[in-house]
Amino acid sequence: MYVTKTNAAPRKETENMTTSKPFLHTPKGYDSSHFRLPNFQSFYGSDFSSFFGGHGSGSASAQFPSFPANNFFGGTGFFSCTPQVGPCTKSKYRSIDGSCNNLNNPNLGVANTPYGRLLPPKYSDGVQAPPVSVTGHKLTSPRQISAVLFPDAKAPDPRWTLALMQYGQIITHDMSLAAGTTQGKAHATRCCGQGLRQALPEHSRNPACFPIDIPNHDPVYSKAGIGCMEFVRTNNDVSQGCNSGQKPAEQITAVTHYLDSSNVYGSSQQVADSIREFQGGRLRVELKYGRQFPPSNNNKSAICDHVSESEACYLAGDVRVNQNPQLTVFQILQLREHNRLARELARLNPHWDDERLYQEARKIAIAEHQAVTYNEWLPLILGQETTQRNGLTYNTQDFTYDYNEQVDPSVLNDHATAAFRFFHTNIAGFLRLYDEHRSSFSALRLSDHFNRPQIIEEGNNFDDLARGMHTQPQEASDKFFTKEITLFLFRNGRPLGQDLRAIDIQRARDHGLASYNDYRHYCGLPRAHTFDDFGDLIDPESVQKLASLYHHPDDVEFTVGGSLEAIVPGALVGPTFLCILTEQFYRTRSGDRFFFENGQKDTGFTLEQVNEIRRGSISRLICDNADDVKSMQPRGFEQISHTNPVVPCSLIPAPSLEPWREHSQAQQTAQIAVQPQEGTQSFTLPFFK
Ligand code: HEM
C-alpha cells in the first residue's frame, strides 16, 4: 500500500453523542480541538477575506408544491415507521439490512431509515416545503444556476485516473439511495406536460412532483422548446405518514448506511437471496463465453433503456447497477471477486458449507472494499493530512481499536445531498478503451450508454474499459461539469436529456438543506455578510454570478457555494465540503462494529488476516477479475508514469487467503494419518486438493 499513515490517536468524541439519534454537532460552531481540518488560514490568509474578492446583488424565482404521501420506493425494501429489529444475536457476520451492527441501537444504519443531518433543515413552512429566499422571493431556477455557474470546459486532471471518480460512485451507491428516486433512469412519474414544454398544473400531477423550471432564455433547452425538467421528491417521514408534521421532514435512504458493499449483496434479505447461487458460497452469474456476468434483470423495461430484448440488463444488490458502463464494470469486478474468494476458500476449507463460504467470502470482500476506500481512495480525495489527523487512516500493522458505539454511522443528508455530489465534476464525457499496450483505439460517448450495459459484453470491451478507466484522466475537480451530464443525462436516444447539476440543486431544496453560509459557519469559516465576503474562497467571476442569481448571501445554497470553492491543497475539494466529507467518513468507519481493522473480538479478523487484506489494492481487483488484463500500474487511481509504470500483474501485491485455512477435525486426523515418514513417498487425499 503506497499510502503512508500516521499513528494518530483515534479522534475523541466530546459532544452531543446520542445512541438513538444521529449525533449532531451544535451548529454554534466548529470546535477545532474536536475536529482537525487542515489549517485553512495558512492556505487562504488569516482573515479569509483576501483570497479572491467579490461583489453584487441578485434576483430569484421557483415553485413550492405541497407534498402528501408518495408510496413508491426506488430502493430495495419497504419502509416501516418503527423498524422491527432484533433481538440481536451475536453473529460474526453483518446482517444484510445493517441491523444489529450497533448492539445498543440495532436500528442505526438500517436500510429504509432517515438520513442523519448535521444542520437543521430550512423548509419554508418549517415542515417540508422547499426553501425560499430570506427575502420571501422564490429562488432562481436550478437550471439557470447550473447553466450560469457550472458550464462545460474540458480540463483533464493532471494526476488521477477516471477510476478515482468511478470508485467514488461505487462508494456512494454502497452508502445511500434517496428513497423514491430513480437514479438509474428517468422516473416513471410525469411532472411535465406538452412534450416537456411546461409543468403539469399542480392539481393534475402527482403530489411528489417538484419539476424544475427552465427559463425561456435557456441557452440550449429553450431552442428545443423545453421549459420543464422532470423531478420527483424523495420519500420522507411525513410523506410516509411517520411524522404528523409537528417536526421537520427527514428523507429516507433505501440502502444500508454502512460501507458494507450493499451494492453487491443487497440491502434486504429478499434481494440478497435473489442474487445468491446457494452453491459453494457463490453469487449468481450468467456465463457468457466463459466469462461471468450478473444475472439478467426480469424487470428490464423498468430498469434499462434497452432497444432490443436481447440486450443485457443486470440484476445486482443495487438498482443503479446499469446506470453507466464504468459503474457496471466495477460492479462486475466486485461480483467476480466475491466468487473468486468463495472458490479459494472452498479449496482451503472443503468442509465449509455454502452458507459459511458465502458469509466468509462476503466478509473478506467487504473488508477489501473498506481497505481500498480508506487506505487508497480517501487520502487522495480528502488529502493525507486530513485522513491521518482525523482518525480516518492509521499507520499501523496492528488493529486500530477505534470502534465507538456512541458514533451514529448514518449517512448525513448534508453529505449525500450536497458535499459528496461535488465529484460529479470529475465525470468524463467520453470513456476511452485501451488495449494491453495501453494504446487507445476508440471511445464511448457516456450518454449513448446510460442504462444500456450491453456494450461491455461486446468483444474485449470489458477489459478495454477496465484498463481505460485506469489510464484515462478523470476530469479535474473544478466548477466545470461535462455536458454529457448537464444536457444529456438519461437522454435515451433523444437529442437532449436532463441536467444533473440542476437536479443536484433541486434535490438539496427538496431536502431543505441549510445554506452555504450556515455550513461555512459550522465548519469554522466566517459567514459572508455581503456577496463580496464569499471572495475569500470563491473566484471573483463566480462571486459576481452568485450576486446576479441570488437575492441575499444567505440564499446561496450549500450545493452551489461549496462547489465553487478553491480546492484545498492536497485534496480534491474545497474546505467546506471537505469538513462535511471528513465528518461522514469518520462516522462511517468508527460507527461500524464490523469495520475490518478495528480488532473487535466477536466480529473481526485475526491480525494476520487484517494485514493480508491491507495488501489489496484497486489494481489487484482488476488483475484478479478482469477477463484477461495481464498488467497494471501499482497505484490504479494514479495515472501511468515512470514512477507508476505498468507492470505484470504478478508484481502487484496480492492478499493470501492462507490465514483463513481452518482444519476440520476430520482433516486434522487425516493429516496425522498421512504424515509422510522419512524416506517414504507422500500422497494427497482428495480433500487436500
Ligand atoms: C458517470 C458517473 C455518475 C453519474 C451518471 C451520476 C448520476 C447521478 C444521478 C442521476 C443521481 C441522482 C440525482 C437525484 O435524483 O437526486 C446521483 C446521485 C448521487 N451521486 Fe452521482 N453520478 C455519477 C458519479 C458520482 C460520483 C463519482 C459521486 C461521488 C464520488 C457521486 C455521488 C452522488 C451522490 C452522493 C448522490 C446521492 C445519493 C443518494 O441518493 O443519497 N456520483 N448521481
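Residues numbered from 1 in each chain as written. Predicted model: local features only at pLDDT ≥ 70, side-chain atom pairs only at ≥ 80, totals over all residues. Heavy atoms only, no water.

Per an unreviewed UniProt entry, the protein goes by Peroxidase and derives from Coptotermes formosanus.

Participant: Give a detailed account of the overall build of the protein, specifying residues and quantitative values.
Facilitator: Regarding its fold elements, the protein presents 20 helices and 14 strands. By sequence separation, contacts in the protein at least 24 residues apart represent 76% of the contacts at least 6 residues apart. (Helix = DSSP H or I, 4+ residues; strand = E, 2+ residues; numbered from the N terminus. Contact = heavy atoms within 4.5 Å.)

Participant: How would you summarise the coordination of the iron atom of the ligand if you had to cite specific residues and measurements?
Facilitator: Within the protein, a single donor atom binds the iron atom of the ligand, namely His-424 (NE2) at 2.1 Å. Mapped onto the elements of the fold, His-424 is located in the loop between helix 10 (413–416) and strand 10 (430–434). (Donors = N, O, S within 2.8 Å, 3.2 Å for Na, K, Ca; no water.)

Participant: Tell me about the UniProt feature "binding site: heme b" (unreviewed entry) in the protein, residues and numbers included.
Facilitator: Here, UniProt's "binding site: heme b" (unreviewed entry) annotation points to His-424. Aside from chain neighbours lying at most four places away, what touches His-424 is Phe-481, Ile-485, Leu-500 and Asp-504. (UniProt positions renumbered as here; feature names shortened; annotations may be inferred.)

Participant: How would you sum up empty space enclosed by the protein? Please name residues and give values.
Facilitator: Under the counting rule described, the total for this entry stands at seven cavities of 30 Å³ or more. Considering only enclosed or pocket space, the largest cavity measures out at about 820 Å³ in volume. Of all the elements in the fold, those that place two or more residues in the lining of the largest cavity are helix 3 (162–175), helix 10 and helix 13 (500–510). Here the residues of the lining of the largest cavity are counted per class, giving 23 nonpolar, 17 polar and six charged. Here the second largest cavity defines a volume of roughly 200 Å³. In terms of lining residues, the second largest cavity is bounded by 18 residues, among which Glu-337, Ala-365, Glu-368, His-369 and Leu-621 are the most central. At the level of elements, helix 4 (262–265), helix 7 (325–348), helix 8 (354–382) and helix 19 (618–625) are the ones that each hand at least two residues to the lining of the second largest cavity. Residues belonging to the lining of the second largest cavity are distributed by class as follows: eight nonpolar, five polar and five charged. (1 Å grid on protein atoms, 1.4 Å probe; cavity = no way out; pocket = protein on both sides within 12 Å on 5 of 7 lines; lining within 4 Å. Points joined across faces, edges and corners; volume = space filled by probe spheres on them. Nonpolar A, V, L, I, M, F, W, Y, C, P; charged D, E, K, R; others polar.)

Participant: An account of the site of the ligand is requested, with residue identities and associated values reported.
Facilitator: Taken together, 22 residues form the shell around the ligand, and within it Tyr-115, Ser-176, Gln-183, His-424 and Arg-507 come nearest. In the model, an oxygen atom of the ligand is placed 2.7 Å from a nitrogen or oxygen of the Gln-183 side chain. Spatially, the ligand is embedded in the largest cavity. Ranked by the residues each element gives to the shell around the ligand, the list is headed by helix 3, at four residues. Of the residues that constitute the shell around the ligand, the class distribution is twelve nonpolar, eight polar and two charged. (Near = heavy atom within 4 Å. Polar contact = N/O pair within 3.5 Å; in protein donor to acceptor, adjacent residues only side chain to side chain. Sits in = over half its atoms within 2 Å of the grid points.)

Participant: Describe the state of the cysteines, naming the residues involved and giving the relevant values.
Facilitator: The term disulfide refers to a covalent linkage connecting the sulfur atoms of a pair of cysteines. Inspection of the entire model under this criterion finds six disulfides. Across the disulfide, Cys-304 is cross-linked to Cys-313 (sulfur-sulfur distance 2.2 Å). The sign of the 90 degrees torsion about the S-S bond sets the Cys-304-Cys-313 disulfide as right-handed. In this structure Cys-304 comes out as buried when scored by relative accessible area, which is 2%. The exposure class of Cys-313 is buried, given its relative accessible area of 1%. Bridging Cys-523 to Cys-579, the disulfide has an S-S length of 2.0 Å. (Disulfide = S-S within 2.5 Å. Buried < 20%, exposed > 50% of the residue type's maximum accessible area, 1.4 Å probe, protein only.)

Participant: Let's hear about the nonpolar core: which residues, and what values?
Facilitator: By size, the foremost hydrophobic cluster in this structure holds 147 residues, and its most contacted members are Phe-330, Trp-377 and Leu-546. Examining the composition of this core, we find that 15 residues originate from one element, helix 8, more than from any other. Ignoring sequence-local partners within four residues, the contact set of Trp-377 consists of Leu-164, Tyr-167, Gly-168, Ile-171, Val-372, Phe-420, Phe-585 and Phe-637. Residues Leu-177, Ala-179, Ile-252 and Val-255 belong to the second largest nonpolar core, which totals five residues. (Core = buried A, V, L, I, M, F, W, Y, C linked by side-chain atoms within 4.5 Å.)

Participant: Which residues make up the packing of aromatic side chains, and what are the values?
Facilitator: If you walk through the whole model with that rule in mind, you get 23 aromatic pairs. Relative to Phe-577, the ring of Phe-422 lies with its centre 5.9 Å away and its plane at 50 degrees, an arrangement referred to as tilted. Here the residue Phe-422 occupies a position in the loop between helix 10 and strand 10, and Phe-577 occupies one in helix 17 (residues 575–590), the gap between them amounting to 155 residues. For the pair shown, Phe-422 and Phe-577 are each scored as buried. Residues Tyr-516 and Phe-534 carry aromatic rings whose centres are separated by 5.3 Å and whose planes lie at 35 degrees to one another, so their mutual orientation is tilted. In this pair, Tyr-516 is assigned in helix 14 (residues 516–522) and Phe-534 in the loop between helix 14 and helix 15 (540–549), connecting sequence segments 18 residues apart. Per residue, the accessibility class of Tyr-516 equals that of Phe-534, and both read buried. Here the aromatic residues Tyr-374, Trp-377, Phe-420, Phe-422, Phe-423, Tyr-519, Phe-558, Phe-577, Phe-585, Phe-595 and Phe-596 are joined through ring pairs into a cluster of three or more. (Phe/Tyr/Trp six-rings, centres within 6.5 Å; stacked < 30°, edge-to-face > 60°.)

Participant: Give me unusual backbone geometry: which residues, what numbers.
Facilitator: In this structure, Asn-112 is a non-glycine residue whose phi angle is positive, near 65 degrees. Within the element layout of this structure, Asn-112 appears in the loop between helix 1 (40–44) and strand 1 (113–114). Even without being glycine, Arg-438 reaches a positive phi, approximately 60 degrees. Its place among the elements puts Arg-438 in the loop between strand 10 and strand 11 (440–445). Look at Arg-438 and you get buried, because its relative accessible area is 14%.

Participant: Mind laying out the packing of helix 8 against helix 17, listing which residues take part and the relevant values?
Facilitator: The geometry of helix 8 relative to helix 17 is characterised by a closest axis approach of 11 Å and an angle of 165 degrees between their N-to-C directions. It follows from the interaxial angle that helix 8 and helix 17 lie roughly antiparallel. Regarding helix 8 and helix 17, the two cross each other, and that crossing is left-handed. Along its contact with helix 8, which presents Tyr-374, Trp-377, Leu-378 and Leu-382, the element helix 17 presents Leu-578, Leu-581, Thr-582, Phe-585, Thr-588 and Arg-589. Taken together, the residues of the contact of helix 8 with helix 17 break down into seven nonpolar, two polar and one charged. (Axes fitted to C-alpha atoms, helices over the stretch in contact; angles between N-to-C directions. Parallel < 35°, antiparallel > 145°, perpendicular 65-115°, else oblique. Left-handed = near helix turned anticlockwise from the far one by under 90°.)

Participant: Could you give an account of helix 8, naming the residues involved and the relevant values?
Facilitator: For helix 8, which comprises 29 residues, the first-to-last C-alpha distance of 39 Å matches the rise-based estimate of 42 Å (1.5 Å per residue) to within 8%. Its axis deflected by about 30 degrees at Thr-373, helix 8 carries its strongest bend there. Two residues or fewer after helix 8 comes Gly-383, characterised by a positive phi angle close to 95 degrees. (Expected span 1.5 Å × (residues − 1). Bend = angle between axes of the 7 residues up to and from the residue.)

Participant: Could you give an account of the confidence of the model for the protein, naming the residues involved and the relevant values?
Facilitator: Put simply, the protein has an average pLDDT of 87, and 85% of its residues get 70 or more. Scored below 50 in pLDDT, residues 38–77 shows 144 contacts in the model against residues more than four places distant or in partner chains. In this model residues 671–689 is a low-confidence stretch, pLDDT under 50, and it forms twelve contacts with partners more than four residues away in sequence or in other chains. (pLDDT = per-residue confidence, 0-100.)

Participant: Let's hear about the pattern of salt bridges: which residues, and what values?
Facilitator: Applying the stated criterion to the full structure yields 49 salt bridges. As a salt-bridge pair, Arg-117 and Glu-250 come within 2.8 Å of each other at their nearest N and O atoms. Of the two residues, Arg-117 sits in the loop between strand 1 and helix 2 (142–149) while Glu-250 sits in the loop between strand 6 (228–229) and strand 7 (252–253), which places them 133 residues apart along the sequence. Note on accessibility: Arg-117 and Glu-250 belong to one class, buried. When the shortest N-O distance is used, the salt bridge between Asp-218 and Arg-143 registers 2.5 Å. Here Asp-218, found in the loop between strand 5 (212–213) and strand 6, pairs with Arg-143, found in helix 2; they are 75 residues apart in sequence, far enough to count as distant. For the residue pair Asp-218 and Arg-143, the accessibility class agrees, reading buried in each case. (Salt bridge = Lys/Arg side-chain N within 4 Å of Asp/Glu carboxyl O.)

Participant: Can you break down the side chain of Gln-498 residue by residue, with the values?
Facilitator: Among the secondary structure elements, Gln-498 is positioned in the loop between helix 12 (483–486) and helix 13. Those residues within four positions of Gln-498 in sequence are excluded, and the remaining contacts are Tyr-221, Met-229, Glu-230, Ile-485, Thr-486, Leu-487, Phe-488, Leu-489, Phe-490 and Ile-503.

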